[in-house]
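So the chains spell out like this:
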Amino acid sequence: MSEVKLAAETRTEFGKGAARRIRRDSKVPVVLYGHGSEPLHLTLPGHDLLLALRTPNVLISLDIDGKTSELAIPKAVQRDPLKGFLEHVDLLLVKRGEKVTVEIPVHTEGELAPGGNLLEHVLNALPVEAEATHIPESVTVSVEGLEAGASVLAKDITLPKGTTLAVEEDAVVLQVLAAQAEETEGEEAAEGEEVAEA
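The rules behind the values
Residues numbered from 1 in each chain as written. Predicted model: local features only at pLDDT ≥ 70, side-chain atom pairs only at ≥ 80, totals over all residues. Heavy atoms only, no water. Pairing = 2+ DSSP bridges. Helix = DSSP H or I, 4+ residues; strand = E, 2+ residues; numbered from the N terminus. Axes fitted to C-alpha atoms, helices over the stretch in contact; angles between N-to-C directions. Buried < 20%, exposed > 50% of the residue type's maximum accessible area, 1.4 Å probe, protein only. Arc of directions from axis to C-beta.

Peer 1: Account for the sheet that holds strand β2 (residues 27-34), naming residues and giving values.
Peer 2: Strand order in the closed barrel formed by six strands is β1-β3-β2-β6-β5-β4, with mixed pairing between adjacent strands. Averaged over all pairs of adjacent strands, the angle between their axes in this sheet comes to 45 degrees, without regard to strand direction. Note: β2 against strand β6 (residues 86-94), four bridges, orientation parallel. Note that in β6 the partner of V31 across the bridge is D90.

Right, dumping it as structure tokens:
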């Protein structure tokens, strides 16, 4: 698990105008909350924060005004829908040794059984509970040789030591669909449309 150090400044200006000025200075408005404390309004360097957020559930070590140091994980990220730059980020305050619930990406490896089957990601991310300083970046699941109708349940996924599921054990994470069944449904829908037009 990577830990990224960022210099944070407390902010006293709020609202859209203030947020625009902050972003013009290549910084991002951030709110740090958690542990029952008052939310802390900060600004962080935009480029450094963007790089840090490329790692899912990155642990961010905040140096606030050069006085205090806090650990946080990203909770909500707002991006500009067109340009993709960061508009606002919510960070959750964490302590070393504390357990947190996060979602980690699910990656797959291997080839499905022959026959044009399709792999559906029912859950793109797996909810887990892990120590704040040891959150796994992702889990990898082998789909080697799986045939149509097969599914991978949450309990079938091997988690790193110290990480537990935060979802029902029988939750379907991946399932294999037969390709022909989807085409048949599509053809029926197309026929239905033709009838409707007539």
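Picking up where we left off.
Peer 1: How would you sum up the pairing of strand β9 (residues 125-131)? Please name residues and give values.
Peer 2: As defined by bridge partners, strand β7 (residues 99-109) adjoins β9 across seven bridges and the pair is classed as antiparallel. Residue P105 lies in a different strand from β9, and its bridge partner there is A125.

Peer 1: Residue-level account of the pairing of strand β1 (residues 3-10), with values.
Peer 2: Bridge count for β1 against strand β4 (residues 59-64) is six bridges, and the pairing is parallel. Its bridge partner being in β4, L6 is matched across the sheet by L62. Across two bridges, the pairing between β1 and strand β3 (residues 37-45) is antiparallel. Residue pairing across strands places E9 opposite T43, the latter belonging to β3.

Peer 1: I'd like to hear about helix α1 (residues 16-24), residue by residue, with values.
Peer 2: Restricting attention to buried positions, one finds in α1 the residues A18, A19 and I22. Summarising the axial view, the buried residues of α1 lie within an arc of 100 degrees, below the 170-degree limit, and thus occupy one face. Those residues of α1 that are exposed and aimed more than 90 degrees away from the buried face are K16 and R24. Directly beyond the C-terminal end of α1, a positive phi value near 60 degrees is found at S26.

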